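Overview (structure and organization)
Each chain, letter by letter, is given below.
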Amino acid sequence: MATTHTPPRLALGRATLDQVRTVLERELPQQAASLLREIGFAAGDACFEGFVASVAERYGVETPQALDARYLSEAVGGYLREEGWGAVALETLAPGLVALDSPDWTEAGGRSAAVPSCHFSSGMLSDFFTRLGGYPAAVMEVECRSRGDARCRFLTGSPDVLTWIYEGMVAGTAYTQLADQLRAGARS
């Protein structure tokens, strides 16, 4: 019988993430955000594999997809908190649009920015939710503690939905109004 070998997860820590950000912002300021998202996306695999193990241990199911949907927010929030990302709550804003909220998201800590700037996290969560849902998921941070907001808020949904929300925000509409339109089925 063949066994599969799962490589051990490698924890790099917040100081490493902060240093990667500092170097990219110093050396490649125009590309830093997209590079951090790309690096974060690559980290999503390890994050999701850790979540799979956590769900199996805590809830006795083989895959997160087998978890009763009533426990998904609790499972995701508990896992991310224990991994050091911060306290997390999930909220469905509209069909196909979920918000992940954290009052203490670690990537935002100790920095000041004019725009939401948890780019690594956005990439990591995009890969995480793609693996969880089994279809491409996009993630966009719309509130960030680094710019003075009370929480970090990441929206996750299909790339099409997030593009529509982004374009609406660029045109001057609040994401909350766009989520309301989506919930009402009035997406234009």
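Before any of the text, the structure's been laid out above.
Residues numbered from 1 in each chain as written. Predicted model: local features only at pLDDT ≥ 70, side-chain atom pairs only at ≥ 80, totals over all residues. Heavy atoms only, no water.

1. Thoughts on the overall build of the protein chain
The secondary structure content of the protein chain amounts to six helices and four strands. Ordered by position from the N terminus, the helices and strands of the protein chain form the series α-α-α-β-β-α-β-β-α-α. The C-alpha radius of gyration of the protein chain comes to 17 Å, within 12% of the 16 Å expected for a compact globule of 188 residues. When the backbone C-alpha atoms are referred to their principal axes, the protein chain occupies close to 60 × 45 × 25 Å. Counting all 188 residues of the protein chain, 41% fall into the buried class. If you take every contact in the protein chain between residues at least 6 apart in sequence, the share linking residues at least 24 apart comes to 53%. When the accessible surface of the protein chain is summed, it comes to about 10300 Å², and 55% of that surface belongs to carbon and sulfur atoms. Charge centroids of the protein chain, computed over 16 positive and 23 negative side chains, lie 4 Å from each other. (Helix = DSSP H or I, 4+ residues; strand = E, 2+ residues; numbered from the N terminus. Rg over C-alpha atoms; globule rule 2.2 N^0.38 Å. Buried < 20%, exposed > 50% of the residue type's maximum accessible area, 1.4 Å probe, protein only. Contact = heavy atoms within 4.5 Å. Areas by Shrake-Rupley, 256 points an atom, 1.4 Å probe, with all protein chains shown as cover. Lys, Arg positive; Asp, Glu negative; His and termini not counted. Charge placed at Lys NZ, Arg CZ, Asp CG, Glu CD.)

2. Quick word on the nonpolar core
In terms of nonpolar packing, the biggest core is built from 30 residues, with Phe51, Leu80, Leu100, Trp105 and Leu125 touching the most fellow members. Among the elements of the structure, helix H2 (32-59), helix H3 (72-82), helix H4 (119-133) and strand S4 (152-157) are those that each provide at least two residues to this core. Ranked by size, the runner-up nonpolar core spans 16 residues in total, among them Leu93, Leu97, Leu162 and Trp164. (Core = buried A, V, L, I, M, F, W, Y, C linked by side-chain atoms within 4.5 Å.)

3. So, the packing of aromatic side chains
Going through the model one piece at a time under the given rule, you end up with nine aromatic pairs. Aromatic ring contacts, followed pair by pair, group Phe48, Phe51, Tyr79, Phe128 and Phe129 into a single cluster. (Phe/Tyr/Trp six-rings, centres within 6.5 Å; stacked < 30°, edge-to-face > 60°.)

4. Focus on the pairing of strand S3 (residues 138-143)
Buried residues dominate S3, accounting for six of its six residues. In the sheet, S3 pairs with S4 via five bridges, with the strands oriented antiparallel. Counted as the bridge partner of Met140 is Leu155 from S4. (Pairing = 2+ DSSP bridges.)

5. Some points on the packing of helix H5 (residues 159-170) against helix H6 (residues 175-183)
Running from N to C, H5 and H6 point in directions that differ by 135 degrees, and their axes come no closer than 9 Å. With respect to H6, the axis of H5 lies oblique. Considering how the two elements wind past one another, H5 and H6 form a crossing that is right-handed. Contacts from Val161, Trp164, Ile165, Gly168 and Met169 of H5 reach H6 at Tyr175, Leu178, Gln181 and Leu182. Taken together, the residues that form the contact of H5 with H6 break down as seven nonpolar, two polar and no charged. (Axes fitted to C-alpha atoms, helices over the stretch in contact; angles between N-to-C directions. Parallel < 35°, antiparallel > 145°, perpendicular 65-115°, else oblique. Left-handed = near helix turned anticlockwise from the far one by under 90°. Nonpolar A, V, L, I, M, F, W, Y, C, P; charged D, E, K, R; others polar.)

6. Observations concerning the side chain of Arg21
As for its placement among the helices and strands, Arg21 is situated in helix H1 (residues 14-27). Residues contacting Arg21, with those up to four places away along its chain left out, are Leu36, Glu107, Arg111, Ser117, Cys118, His119 and Phe120.

Taken by themselves, the reported measurements are silent on function.
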